[in-house]
Structures are given as C-alpha cells and as structure tokens.
Amino acid sequence: MRGDSRRRPSVATARAIGIALGAAMTVGLIVLLLLDRQTRMQAADRQSLTMATGVDRLLHLELRNIERALGGIAAEIGGEPASAQDAIAGVVARHAELASIVLYDAQGRALSAGPDASELHVWKTAASGATALRVGALRHGDAGWELPLAFPDGHGRWLVARLLTREFDAMTEGFDVGRFGSIVIYTHDGWVVSRFGRGPSQVGQQVELPASAALHGARFNILRVSQLDRIERAMGFSRTSDYPLVVSGGLSVREVLAPWRVYVGTALALVVAYWIALAAVLVRLRANERAQADLLAEIETQTRWLRQAQLASQIGVWRVEAGDDRVRVTDEMAALFGLVPEGGTIALEAFFEHMHPDDRARAFEQFSDLRRRRQPYEQEYRVMLPDGRTRWLKGSGATVSDGGREVMTGTVIDITERRDAQMRVERAEMQFRQLFERNPLPAWLYDVGTLDVLAVNEAAMEVYGYSRETFVGMRVTDLLAPEDRDAGTDVILRRGEGSSERTWTLVTRDGRRIQARVHARDIEMEVGRARLVLAEDIGARLAYERELAWRASHDPATGMLTLAALAQQIDAQCALRPCDGFAVAYVQLRDLELIAPTLGRRTGEAVLREAAGRFARIAERYGLGSHAPPETFAIAAFDPADLPALVEDLVAASQSPVEADAGMFPLEAWIGLADGPCEDGGAEHVIAHAALAAFQARRGRTAVVRYDTEMAAQAAERLALLRRLRKAFDQRQFELFYQPIQRLDDGRIVAFEALLRWRQADGSFVPPAQFVPLCEESGLIVPIGTWVIDQAARASQRLAEAGAEVAIAVNVSAVQFEAGLPVEAIRALRQTQALRPGALHLELTESVLLRDPDAVRAQMGRLRDEGVCLSIDDFGTGFSSMAYLRDLPLDALKIDRVFVRDVAHDVHSAAICRALIDLGHGLGLSIIAEGVEDAAQCDWLIAHGCDQAQGYHFGRPMPFEDALALLQAR
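Numbering of residues begins from 1 in every chain and follows the order in which that chain's sequence is written. Note on the predicted model: pLDDT of at least 70 is required for a residue's local features to be given, and 80 or more for side-chain atom pairs to be given and counted; whole-chain, interface and lining totals, by contrast, use all residues. Computation of side-chain values covers all heavy atoms of the structure but excludes hydrogens and water.

## Considering the overall build of the protein
- Counting from the N terminus, the helices are DSSP H or I runs at least four residues long and the strands are E runs at least two residues long. Each helix and strand in the protein was counted, giving 31 helices and 37 strands.
- Evaluated residue by residue, the protein yields a buried proportion of 43% over its 970 residues.
- Partitioning the contacts of the protein with sequence separation of at least 6, the portion at a separation of at least 24 is 56%.
- Total accessible area on the protein stands at roughly 49,700 Å², and carbon and sulfur atoms take up 54% of it. The cut-offs for exposure are 20% and 50% of the maximum accessible area for each residue type, with area from a 1.4 Å probe on protein chains only; residues under the lower value are buried, those over the upper are exposed, and the others partly exposed. Any two residues whose heavy atoms approach within 4.5 Å are treated as being in contact. Note on areas: these come from Shrake-Rupley sampling with a 1.4 Å probe, and a residue is covered only by the protein chains present in the view.

Set out below in structure tokens:
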C-alpha cells in the first residue's frame, strides 16, 4: 500500500500534463489554422491584384498606341480632311485590332468612308482622365464586340476608331486563375468588355462595380460574389491608366481554401486521436498501478522467506539405513530441496521427484548403484523448488557402519552461485569469440614469440582469401608485401611494445595489395603472450585524400592546374635542375563566360572543355598549363627558346572555332608573354607580368603582346589615375553636363541626358572613355552613380520650379545596377525633391540583363512602381534575348549611334534602324536615336517614325545653366 500511495501522484501528474498538452495542442492548431486561412486569403488578394494590375498596364499600352496612331493621323491630315482616307487606311492596315477608323465633323457626319455617328455628341465630351482619347459605349459590330474610341484632331473634328474587344482577350488569357477564377475588363460604368475564365465570355453584360473602382488610380482588393456567375472570389480591382476602363482579377474563395479545409480535417483527426490515445494511456497507467501494488506485496513476502532461508546453514546432512526408504534429514537439508520433514524424515523418492527431469534418471541410477556396491557417492544435480526456482546442489556420501548397522550418510551443499559464476565465464568467452569472429574488420591473433597465427576471424578470410586452416598455419609476416617485409618484421619482433598503429601494404592470396592501418594490442594467454591485430582498409580514404589534394591544385571543370599550383610547380622545377629560365603565355578568351547565360550551361561547358583540351595538349608539348576561371589559361614553357612556337600553336588553337550543339563558336584570344630566370619564388612574378601583357593586349585589341617595363609603368599610371579619381570624388571635382533629347514630330525638348565630366585645374576635361571604365573596374562607379542620380534629381526639381516638364536621363552602369540600385533611395529622392512620375529616366545597358534576368526584372519592376522611366541604352549591340525584352518593364529603346551614323546612305544601317523602330513600337516603347549629327539623319528618322533623338545636330552637352537658358529660349 505504501508503494501504491507513492505512485498515485505520478499518475495524477501524468494525467494533468497530458490534458494540458492536449489543450495547448488543440488551441495551437486552431490558431495555426486561422493564421493559415488568413495567409491564404492574403496571398489570393495579392495574386488577384497583381493580375489586375498587369492586365491594366497592358490595356494602357494598347490604348496609348492607338491614341498615338490617331494622333499621327490627325497630324498628317491637318486641315485637309480630304487626305484622311489614305492615312486612315495605313493605320488600319497596321493595327489588326481596329475594325475601322472614321473621321467625323462636330455634328457626327462622316468625312471619310463610314457611317454617320449620331451618338457622337453624347459621349465625345465625356471625361477620360488626362488623355485626349474618349471611350464610347460598347457595341456589337460585324466583326464582334467593338469599343468606340474618339480622338479630337484639333480642328473641331473627331477621329473615331472601333477597337475589337477580342484584342483584350489576348491580354487576359494565359493567367493562372484556377478552375473558377476570372479576369474581367469593364468600362467605367460596369459593361463587360473582355473576360477570361470558366464559362461564357459574358461580354456586353453590365454589372455594378464598387464605388471606388471608378476612381482614377484605384487599386484595391475586395471579397465579392460575382454578378456574372455567382461565384465568391477574392477580387483585385485596378484603374491606374488615364483611360476609363477597370480591370478585375479574382480567385475563387472555395478553390483558395480547398487545401485549408483538408488541413482542418487532418488537424481535427489529430486532436481526436490524441484525446483517444491519452484516455487509453491513462486507463493503462491505472491498471499498471494496481498490478504494481500486487507485485510489491508478493515481493515483500518472498523477501521475508528468502531472508529466513539465508539465515540457515548452507550445508544439509542426510542419513539413510540399509533397506529403509525414508531419509533422516536436517531442517537445512529439507530446505535445500524445498521439502517439509515429517518427524525428521522424508521419503527417498521425494528427493528424486524434486530433481530436474534432465538430471533425475542419471542421479537415481548412480545413487542406487553406489549404495548397492557400498562405494562413496558424489554428484552434482539440479533440484526444482516448490516456488519454481532451480538450485544446483552437490551431494556426497559414503556407506559406514553404525553400531553394526550399515548406513549411508553424507551432505548436500548449495553450489548455485559457483555454477552461475562458471556459466557467466562461459558466456563471456562465447561473447568474446563472437565479437572476434563477427568483427567487420579483418582480425587475427598470433604468438609474439613464434609469429604463428593462432586464430583468425571470418572478415580476414573473406578479404585475404585464405581458408582458416591455411591462415592458422601461416606466419604473420607472410601477409606483408615484399617492400614492407623487412621493416615490418623488425617492428613485429620488438619486445616490450604493447600496441602499435602503423600503415602497411598487405597482400591477399590472389596478389591484390591492400593499404591497411594495423591496430595491435598485446594480451596474455595460457600459452604465453599473444598479440591481437585489427587491419583497417584505408585505401578508399587515401584515394579520397589524394582526390582532395588534386582538387586543391587543379581546376575541377578542366582538370588543369590552378595558377597558384602552376607557380609552385615552376618554382619546384627550377629548384630541381638548373636552367636558362622559363617563359609564360597568358591567354584570355573573349566573352567565354557569356556563352552559358546566353546559350545554356551545357553549351558553355562544352566550349570550355574543348578550349581547355586544346591548350592542355599544347602545354604537354612545352611544359605545364593552368586554367583560371572563367576564361583565362596560362601555359609555361621550360625552354624560353620554345616561346615563338608556343605562341604560334596558341594562335592557331584560338583561331579555330569550337563546334558545339548550338553551332560554331569562334575563340578570340589575347595573349600576354613574359619570361624570367629560374629563381626562388620567381614564377609568380613572371605569371603576373604575362597577365599584365594580356590585359594590355585586350585593351589595345592586339592578339599578342610581350611584357616590358613600360607596361608596369602604365599600370602604375592607372593606379595613380584611380587614386586621383577617388580624391576627385571625395573633393567633388565631378560635374554634370546635359545634352538635350528632342521629340522629332514637334521639335520640343522632352529630356536632358546627364553626362559625367571631370574638369582639371587648367580647365580641360579628362575624356570619359579614359576614366569611366576604370571607375567600373574599381567599383568606384557605384558611389559616383549614386551622386549622379542625386544631382539629376536636383536638376529635375529646378526644371520643375522653372515651369519646364522636362525629364532627366541618367546612364546606370551594369556594375552599379548589380551592386543593388536601392529603390528606397529613389523613393527618398522623389519625396525630398518632389519629383513628378516620369521626371527621372534610367538608361541601362544590355549587359545588365545577362547576369540574373529574374532579379533584374524584379528590380526594374520596383523602380517602375516608383515612377522611374526605364530604357535600354545602345540597343542592338549586346547579347540580349528578345524573350527578356518582351518581359521587361521598359519605356524606351535607344538606338546606338553606330547604326544611326550611316542611316541616310547605308541600306544595312537603315534596315537595322527600321527593324529596331518597328520592334520598339510593337512593344509599345518609345524609340530614341543617339548620335544624330546632321539634317539627313534627322529627316530619315522622322520619315520612319522615330520618336526622339539626341546628338550634336540638336545640341552639345552643356552646363545646367546653359541647358535652362536653352529651354527658356525655346
């Protein structure tokens, strides 16, 4: 009972803990489920608003293109409506989405081919944001649903284009809206213009929009049951353009929460299962508690009985007379057998009945035989006690004469402890043997004196191929490889060494060699001192260590040495043998690192392997070769006289194009040469000299350049120039000049490009081509670029204060963009300088797109959200993919001056410019031409629809005050 009372608190504690844990788990699951539901709904809101905003932007671009087309017609016909038909026909032919364009007078009478529009006066004056385009009522025409768009031509007339709404279907299709989601485009008064989703299109139906959806710039989410198909959705509404159209994107609430409902069911099942399991455990604990109480009571009873038995003597005495079948025993004797004497005697059969069945017959026959022959009696046997225990006893006796009577008397001793100890020793020996036999490492035992193998385990026989009989008959030295046998025998024969751990080469029966680390310990045996050996195969580990050492000195992609390893091996070669010196050719391949991001990793690796194979074969003929990723190889010739032949082979290898899956790829190489004497540590300097020569070759576009001391001086000058640059930046010696960007259709200055200038003390300027590349190489372009953007923002604010809505364009270096152009800094500039949207233009080079297109796209999207206009500078001269161009949030493309220079008289340049203009306009982008220096170039660009241009023909870069004066003069 005391044990029961002691355990009750533990059961109660377990019950309380289980209930508290279950309650906490239940509450936690409920909270997690509610949070999960909220998170899913918030994700649905974000996705629906993103879809609506994306379609809204596409819609804005489409309508803006149409507005530009109508504006172009209006500008072309001017005051002559009779010439409108040809201009209209050209625009309709280029815009398949337009059913027709008709010119009307103020009363709705058609001035070109088309019906009169009696309803024109109703909606032509309807407000449509900041744009001149007016949107009419949705109507069904011959080619499907049409949306009338009216544009004033500035002479009291109206151009009316009927836009086929199926053009909007292409904007809404393809979004992942699930089975029951939808994307819908409405007019501002709720008429459905286009719909993407399950079920009919429902174009032409009218729904009631939320009141805030009609507000210009509206972007919000709402949980709403659709009036079109009665499905509840998480909907996002967007109207951020200047046109009176609203876009909604919606995801079905039922579909969004479908996985969440599965989680609810699973969580409920877990909670129920927990409470059921807890109840079962508590019932079982209660039953165990009662069973433990009963067991404790039984144990206490047995303990008292054993305590009394321990007080008795360990020797029992017995006596039996001849011819008698009863044995006189002491109490101790009876207790050893678990018998109760009657009058001090027990029947002889009772003793044998209590013996173990396996010992009973043997003990009875031996006792009877010795009693009959009157010989001494001694035997060991087991007895079964009434409580079920087995006891080992040793009985002994002899026949003696007692008063003329023959009696047999003797003793019985309890030897249970001795037999148990003996069995434990036997079990330990068996376990040791099994540990030895079943050890996964090969092991053997040999005599230290004779070196004979005494025992061997199964692993040793499997690894070394010998049978047990052959192994045991061998000397331990027979396993050693011939080259290790003498040293190994000496170590084995040393006396006094209790253990050893050495690495040896052991030989198997079939001649295989195994690198093994031998672990040995001396043990004492009956035959003398022996030694136990474990042989651990470390061949795989040694191979791994060799692999690591190889990787430390080789480029894994090509298998060639690294530059550091090449320098070490050249120095080692010089130390081993005297020589006249050595030469190094430092090879830099052009744009090898750009193949993988533009044409795929497999193509890039194939081209690299082929180039490395060529240079490695050349290196084998002359000395050593190395590779420094991504596009540098260094070949060392141990005989300087071989340098001309080495250069000839390198030039031939680099001029032969590489064939890969994607086609033929030329290898353009710049080779720098340097030589030097054999001296300690001299290889690193020679390689550096060759690298400097290759750098000069690359800068000068020369195939092969040999190092001379003047290059070091030039490098020192570059370092000095870099120090001057840093000092100039710290002391604010840089200035910004502004070159006008002019709109071609009306000659108006719409932007200035901010250009960096470095004025010297004498008033001269360091050419940008001289210091800007150095700024990019050194990373100084990042803080300089931040300063330029800040100054451009200040200039934009001053222009706004002067009443000029002219943007400032800034070139952003690829290095600066990759360093992470901070959106927060742009936002802060807009706030502090009160910049209007579009006041700041950032011009990016195509190389920015090659590094990480997804990250670049996301960064550009964030900049666009901050009201920054983005353009691609020098378009057409890089490696950009049209797929990137399609997905990037751009506003303009800038055609490089190399195409504009000969556009008026070179058909190839003209074809390229036309293609770039059409491409940009097809994507809804403005086209800006750079480097326009004469009227012929300007006239060609105007004739072919280029939007804007800059160059000396319009104005040279000038200080800000001059730029402001130019604006005021215009």
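Past the structure itself, the notes keep going.
## Comments concerning unusual backbone geometry
- The omega torsion of the bond from P629 to P630 falls at 5°, within 30 degrees of zero and hence cis.
- The backbone phi angle of R230 is positive, close to 60°, even though this residue is not glycine.
- Tracing the backbone shows R230 in the loop between β8 (218–225) and β9 (232–239).
- One non-glycine residue with positive phi stands out, namely A834, at about 55°.
- Take A834: it is sitting in the loop between α24 (823–833) and β33 (840–845).
- Taking the relative accessible area as the measure of exposure, A834 reaches 63% and is therefore exposed.

## Regarding the packing of helix α15 (residues 563–576) against helix α19 (residues 682–700)
- Where α15 meets α19, the axes come as close as 8 Å, and the angle between the chain directions of the two elements is 130°. Here α19 runs oblique to α15, going by the angle between their axes. By crossing handedness, the relation of α15 to α19 is classed as right-handed. Touching L563, L566, A567, I570 and D571 of α15 are G682, A683, E684 and I687, all from α19.
- Per-class residue counts for the contact of α15 with α19 are six nonpolar, one polar and two charged. Interaxial angles span 0 to 180 degrees and are taken between N-to-C directions of axes, which are lines fitted to C-alpha atoms, for helices over the stretch in contact. Any angle that is under 35 degrees is reported as roughly parallel, and any over 145 degrees as roughly antiparallel; angles of 65 to 115 degrees are reported as roughly perpendicular and all others as oblique. Crossing handedness follows the turn of the near helix against the far one: under a right angle anticlockwise gives a left-handed crossing, and clockwise gives a right-handed one. In the scheme used here, Gly and all other residues not listed as nonpolar or charged are polar, with Ala, Val, Leu, Ile, Met, Phe, Trp, Tyr, Cys and Pro taken as nonpolar and Asp, Glu, Lys and Arg as charged.

## Some remarks on the nonpolar core
- Among the buried residues, those of types Ala, Val, Leu, Ile, Met, Phe, Trp, Tyr and Cys that are joined through side-chain atoms within 4.5 Å form a nonpolar core. One finds F734, Y738, V810, L842, L890 and L941 to be the most contacted residues of the largest nonpolar core, which totals 78 residues.
- Excluding its chain neighbours within four sequence positions, the residues that come into contact with L890 are M860, R864, L870, S871, I872, L885 and L925.
- If you look at the next biggest cluster of nonpolar residues, it comprises 47 residues, including M41, L98, A161 and V193.

## Quick look at the sheet that holds strand β11 (residues 315–321)
- Being paired, for any two strands, means DSSP has found at least two bridges between them. Taken in spatial order, the six strands make up an open sheet running β13-β12-β11-β16-β15-β14, and their pairing is antiparallel. Looking at which strands have only one partner, the edges of the open sheet turn out to be β13 (345–347) and β14 (377–384). Each neighbouring strand pair of the sheet contributes to a mean axis angle of 30°, computed without reference to strand direction.
- Note that strand β15 (residues 390–402) and strand β16 (residues 405–414) share 10 bridges and pair antiparallel. Along β16, the bridge assignment pairs L393 with D414.

## A closer look at the packing of aromatic side chains
- Two aromatic rings, drawn from Phe, Tyr or Trp (for Trp, its six-membered ring), form a pair once their centres lie within 6.5 Å of each other, and the interplanar angle then sorts them: stacked below 30 degrees, edge-to-face above 60, tilted otherwise. Inspection of every chain in the model, using the stated rule, returns 19 aromatic pairs.
- Three or more aromatic residues joined by ring pairs form one cluster here, namely W318, F352, F364, F367 and Y377.
- A positively charged side chain is recorded as over a ring if its NZ (Lys) or CZ (Arg) lies within 6 Å of the ring centre. The angle to the ring normal must also be within 35 degrees. Above the face of the F729 ring, R732 is positioned so that its terminal group lies 5.1 Å from the ring centre.
- Positioned above the aromatic ring of Y952, the side-chain terminus of R956 is 3.8 Å from the ring centre.

## As for the pairing of β15
- With eight bridges connecting them, β14 and β15 associate as antiparallel partners. Along β15, the bridge assignment pairs Q379 with G395.
- The antiparallel hairpin formed by β14 and β15 contains five residues in its connecting segment, where G388 sits at a positive phi of about 95°.
- Two successive antiparallel strands, β15 and β16, enclose a turn made up of two residues, where G403 displays a positive phi of approximately 65°.

## Quick word on the sheet that holds strand β27 (residues 669–676)
- Here five strands make up an open sheet; going across it, the order is β23-β24-β22-β27-β28 and the pairing mixed. Because the sheet does not close on itself, it has two edges, and the strands there are β23 (623–628) and β28 (704–706). Taking each pair of neighbouring strands and ignoring which way they run, the sheet shows an average axis angle of 20°.
- Where strand β22 (residues 582–589) and β27 come together, eight bridges link them in antiparallel fashion.

## Focus: the pattern of salt bridges
- A carboxyl oxygen of Asp or Glu within 4 Å of a side-chain nitrogen of Lys or Arg is what we treat as a salt bridge. Applying the stated criterion to the full structure yields 36 salt bridges.
- R40 is the partner of D36 in a salt bridge, and the nearest nitrogen-oxygen pair spans 2.8 Å. Highlighted residues: D36 and R40, both in helix α1 (residues 2–77), separated by four residues, approximately one helical turn.
- One salt-bridge network, in which partners are shared between bridges, spans E753, E843, K894 and E930.

## Some points on the side chain of R239
- Assignment of secondary structure puts R239 in strand β9.
- Positive residues here are Lys and Arg, negative ones are Asp and Glu, while His and the chain termini are left out of the count. Within the buried core, R239 has no salt-bridge partner, and the shortest N-O distance to an opposite charge, that of D56, equals 7.5 Å.
- Residues within four places of R239 in sequence aside, it is in contact with D56, A213, A214, L215, H216, G217, A218, P244, L245 and V246.

## What about the confidence of the model for the protein?
- pLDDT measures the predictor's confidence residue by residue and takes values from 0 up to 100. Mean pLDDT over the protein works out to 81, with 88% of the residues at or above the 70 mark.
- Within the protein, no element has a lower average pLDDT than helix α16 (residues 595–599), which sits at 59, and none a higher one than strand β37 (residues 948–950), at 95.
- Predicted confidence for residues 306–313 stays below pLDDT 50, and this span has three contacts to residues more than four positions away or in other chains.

## Here we look at the pairing of β33
- Where strand β32 (residues 807–812) and β33 come together, five bridges link them in parallel fashion. From the neighbouring strand, V810 faces β33, where its bridge partner is L842.

## Let's talk about the environment of L725
- By secondary structure assignment, the location of L725 is in helix α20 (residues 709–730).
- Residue classification places L725 among the buried positions, given a relative accessible area of 0%.
- Residues in contact with L725, not counting those within four places in the same chain, are F734, W758, F771, L774, C775 and L780.

## What to know about a negative patch on the surface
- A contiguous patch of negative charge on the surface is contributed by D324, D325, E349 and E353.
- Within the fold, D325 resides in the loop between β11 and β12 (326–329).
- Residue D325 is classed as partly exposed on the basis of its relative accessible area of 45%. Surface patches are defined over residues having more than 30% relative accessible area and no salt bridge, joining like charges when they lie within 9 Å and nonpolar side chains (Val, Leu, Ile, Met, Phe, Trp, Tyr) when within 5 Å. The atoms used to mark charge sites are NZ of Lys, CZ of Arg, CG of Asp and CD of Glu.

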